[in-house]
Amino acid sequence: MLAAVRPKNAFEVALENFDIAAGYLDLDHDVREMIKYPERVLTVTVPVRMENGHVRRFEGFRVQHSTVRGPAKGGIRYHPNVTLEEVKALAAWMTWKCAVVNIPFGGGKGGVTCNPKEMSRNELEHMTRRYASAILPLIGPEQDIPAPDVYTNSQTMAWIMDTYSMTKGYPIPGVVTGKPVCLGGSLGRNEATGRGVFYTIQSACDHLHMQLKGATVVVQGFGNAGSVAAHLLDTAQCLVIAVSDSTGCIHNKEGLDIPKLMMHKEKTGRVAGFPGSEAISASELLALSCDILVPAALENTVVEENAPYVKAKIIAEAANGPLTPEADAILEAKGVFIIPDILCNAGGVTVSYFEWVQDLQHLFWETQEIYNRLERVMRTSFHDVVKIRADRSVSMRAAANMLGVGRVAEAVKLRGLYP
Ligand code: GLU
């Protein structure tokens, strides 16, 4: 009997994508050895006294994949499926992402294996503060700057900022981004990932001579990134015909009323049961006829089994790593135009960069200035990637990885090998 093939974990996929890009770039062995693997990996124990009076131990991680181009940068994720391998992959993707949009950061990521949906606010605060103290030796405005990711938000960042500042003895807002605006957060940061996704979709439509107005859209994952992208696409007169979240999928072929759906989700915590929509299954959602598919949930939601049924012309990867390599190959072969994650969702970290700059200068910008700068960064990066794709006849994903990996390789060559 043949042994079952173990699916690759996220970090193995990240290494594979690195090798493809490094191959195209003809990078020599020494440079590859210096930039491929995480620079620092920290695993921590996070004990928390729960509401029932007992102490529960959580496991947490912080990975600095690269500090070649600047301080490590990347979010912190709270999810039951968080593993060290996943955090390593997400940290590597941050390195290439920051390089693609050409902001002066390396890449990092953190995570705690927990189910925040089953925890009280008190438990979450204590877990966050204890995790922040545990990773304190690594973080700092010049070293490693966390931000929100899946199931963390501006409140989580406020707790980390406070914990860090209390141990240093003075306020240090630049240690995290994605903070509340009143604590040195940036206007426009909350919606930045979704807005960046929207700008890359606009750029893709221009590039493909496709009308955005009237285009049909399916959004998988109606969280921070997905709901904002849906809202902006709706404002641009697209027809958002289906959306999903972890509790269900809804469909209306005439188009969902997105502002009302956002209120419904705010009130009930779910998209399911939205008046005027019908419930469909997750596989039906992916197989709907549409122009644009926005996977905005977690990794590996589009896989070998469901990829053949996808009918979209454009896939905008608002999530990190939503397509498995097998799904990616199937969709490439079908001629789908894929906007890869490290380009598509880079709006979040780009406005994080603006927030960090504002914190360091103690000088804050207007919303319109943030939008204008973000749009310029996203459009420029899109064109940089499209140019490599055309010049080298590679996929959009390979082109984005080539741009990111190439910039880090150039920097490491100039810095040289210490000591
Ligand atoms: N978590 C977001 C990402 O995956 C944002 C990271 C940041 O702003 O540092 O890109």
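This is a predicted model, so every value here is computed, not measured.

Quick notes on the rules
Residue indices follow the written sequence of each chain, beginning from 1 at its first position. Where totals are concerned, whole chains, interfaces and linings use all residues; where local detail is concerned, this predicted model gives features only for residues with pLDDT of at least 70, and gives and counts side-chain atom pairs only at 80 or more. Each side-chain value is worked out from all heavy atoms of the structure, with water and hydrogens disregarded. Only strands that DSSP links by at least two bridges are regarded as paired with each other. Put simply, DSSP marks the helices as runs of H or I at least four residues long and the strands as runs of E at least two long, and each gets a number from the N terminus on. Lines fitted to C-alpha atoms define the axes here, with helix axes fitted over just the stretch in contact, and angles between the N-to-C directions of these axes take values from 0 to 180 degrees. Note on definitions: a residue-residue contact is assigned when non-hydrogen atoms from the two residues lie within 4.5 Å. Nonpolar cores were defined as sets of buried Ala, Val, Leu, Ile, Met, Phe, Trp, Tyr and Cys residues, with membership established by side-chain atoms within 4.5 Å. For each residue, the accessible area found with a 1.4 Å probe, counting protein chains only, is set against the maximum for its type, and the residue is called buried under 20%, exposed over 50%, and partly exposed in between. By definition, the crossover connecting two strands over a helix is right-handed if that path, from the first strand to the second, turns clockwise as seen with the strands pointing away from the viewer. The arc refers to the directions leading from the helix axis to the C-beta atoms. Being near a molecule or strand, for a residue, comes down to having at least one heavy atom within 4 Å of it. We call two N or O atoms a polar contact when they sit within 3.5 Å, provided that within protein one can donate a hydrogen and the other can accept it, with sequence-adjacent residues counted only if both atoms are side-chain atoms. Working definition of accessibility: Shrake-Rupley area with a 1.4 Å probe, residue cover restricted to the visible protein chains. Side-chain classes follow a simple rule in which Ala, Val, Leu, Ile, Met, Phe, Trp, Tyr, Cys and Pro form the nonpolar group, Asp, Glu, Lys and Arg form the charged group, and the remainder, Gly included, forms the polar group. Pairing of aromatic side chains here covers Phe, Tyr and the six-membered ring of Trp, requires ring centres within 6.5 Å, and sorts the geometry by plane angle: under 30 degrees stacked, over 60 edge-to-face, intermediate tilted. In our convention, an over-ring charge means Lys NZ or Arg CZ found within 6 Å of a ring centre and within 35 degrees of that ring's normal. Oblique is the label for every angle not falling under 35 degrees (roughly parallel), over 145 degrees (roughly antiparallel), or within 65 to 115 degrees (roughly perpendicular). By convention the crossing between two helices is left-handed if the near helix lies anticlockwise of the far one by an angle smaller than a right angle, and right-handed if it lies clockwise.

Colleague: Now, about the sheet that holds strand β7 (residues 239-245): what can you tell me, with residues and values included?
Modeller: Across the sheet, seven strands lie side by side as β9-β8-β7-β6-β10-β11-β12; this open sheet has mixed pairing. Across the chains shown, the open sheet's two edge strands, defined by having one partner strand only, are β9 (278-280) and β12 (337-339). Shown here is a sheet whose adjacent strand axes are inclined to one another by a mean of 20 degrees, direction ignored. As paired elements, strand β8 (residues 248-251) and β9 share three bridges and run antiparallel to each other. The residue bridging His 251 from the neighbouring strand is Glu 278, located in β9. The strands touched by helix α6 (residues 192-208) within the sheet are β10 (292-295), β11 (314-316) and β12, with β12 carrying the most contacts at an inclination of about 150 degrees.

Colleague: Could you give an account of the nonpolar core, naming the residues involved and the relevant values?
Modeller: One finds Ile 35, Ile 201, Val 243, Leu 261, Ile 292, Val 294 and Ile 339 to be the most contacted residues of the largest nonpolar core, which totals 91 residues. At eleven residues, helix α14 (residues 396-415) tops the list of elements feeding residues into this core. Not counting residues within four places of it along the chain, the set of residues in contact with Ile 35 comprises Phe 18, Leu 27, His 65, Trp 96, Val 405, Val 408, Ala 409 and Val 412. If you look at the next biggest cluster of nonpolar residues, it comprises 25 residues, including Val 44, Ile 76, Tyr 78 and Met 157.

Colleague: Tell me about the pairing of β7, residues and numbers included.
Modeller: For β7, the tally of buried residues reaches six of seven residues, placing the bulk of the element in the interior. Here strand β6 (residues 216-220) pairs with β7 via five bridges, running parallel. For Val 217, the partnering residue across the bridge sits in β7 and is Val 240. The parallel pair β6 and β7, bridged by helix α7 (residues 224-235), forms a crossover whose chirality is right-handed. What sits between β7 and β8 in their antiparallel hairpin is a turn of two residues.

Colleague: Tell me about helix α10 (residues 325-333), residues and numbers included.
Modeller: Owing to its 3.6 residues per turn, the α-helix aligns residues three or four sequence positions apart on the same side. Listed in full, the buried residues belonging to α10 are Ala 327, Asp 328 and Leu 331. Buried residues along α10 cover an arc of 100 degrees about the axis, so they all sit on one side. Residues of α10 that are buried sit in contact with β11, β12 and α14.

Colleague: Talk me through the side chain of Thr 200; I want residue IDs and the actual numbers.
Modeller: With respect to the helices, strands and loops of the structure, Thr 200 is situated in helix α6. Apart from residues lying up to four places away in sequence, Thr 200 is in contact with Ile 339, Leu 343, Cys 344, Met 378 and Phe 382.

Colleague: I'd like a description of the site of the ligand, backed by residues and values.
Modeller: What surrounds the ligand is a group of 14 residues, the closest being Lys 73, Lys 97, Pro 148, Asp 149 and Ser 352. Lys 97 has a polar side-chain atom sitting 2.7 Å from an oxygen atom of the ligand. For the ligand, whose unbound accessible area comes to 300 Å², protein coverage reaches 95%. The set of elements that each furnish at least two residues to the shell around the ligand consists of β3 (72-79), α3 (84-100), β5 (144-148) and α12 (347-361). Residues of the shell around the ligand, tallied by class, amount to four nonpolar, five polar and five charged.

Colleague: Any chance you could break down the packing of aromatic side chains for me, citing the residues and the numbers?
Modeller: This structure, assessed with the given rule, holds eight aromatic pairs. For the pair Phe 337 and Phe 382, a centre-to-centre distance of 6.3 Å together with 40 degrees between the ring planes defines the contact as tilted. Placement of Phe 337 in strand β12 and of Phe 382 in helix α13 (residues 367-392) is noted, with a sequence separation of 45 residues between them. Relative accessible area serves as the criterion here: at 5%, Phe 337 is assigned to the buried category. A ring pair is formed by Tyr 353 and Trp 356, whose centres lie 6.4 Å apart and whose planes are at 35 degrees; its orientation type is tilted. Taken together, the residues Tyr 353 and Trp 356, both in helix α12 and three residues apart, mark about one turn of the helix. Here the aromatic cluster, defined as three or more aromatic residues joined through ring pairs, consists of Phe 105, Tyr 353, Phe 354, Trp 356 and Trp 365. Over the ring of Tyr 371 we find Arg 195; its NZ or CZ atom is 3.6 Å from the centre of that ring. We note Arg 373 situated over the ring of Trp 365; from NZ or CZ to the ring centre the distance is 4.3 Å.

Colleague: Report on the packing of α12 against α13, specifying residues and quantitative values.
Modeller: Remark: α12 packs on α13, axes separated minimally by 10 Å, with the N-to-C direction vectors making an angle of 130 degrees. Here α12 lies oblique to α13, going by the angle between them. Helix-helix and strand crossings are classified by hand; for α12 and α13 the assignment is right-handed. The segment α12 lies against α13, with Gly 347, Thr 350, Val 351, Phe 354 and Gln 358 engaging Ile 370, Arg 373, Leu 374, Val 377 and Met 378. In the contact of α12 with α13, the residues fall into six nonpolar, three polar and one charged.

Colleague: Tell me about unusual backbone geometry, residues and numbers included.
Modeller: For residues other than glycine, phi is negative in most cases, and the peptide bonds are mostly trans. A cis amide bond links Tyr 418 with the next residue in sequence, Pro 419, at an omega value of 0 degrees. You will see that Asn 102, though not glycine, has its phi angle at about 60 degrees, which is positive. Secondary-structure assignment places Asn 102 in the loop between α3 and β4 (107-113). Unusually for a residue other than glycine, Ser 393 sits at a positive phi of about 50 degrees. By the secondary structure assignment, Ser 393 is in the loop between α13 and α14. Residue class for Ser 393 comes out exposed when judged on its relative accessible area of 66%.

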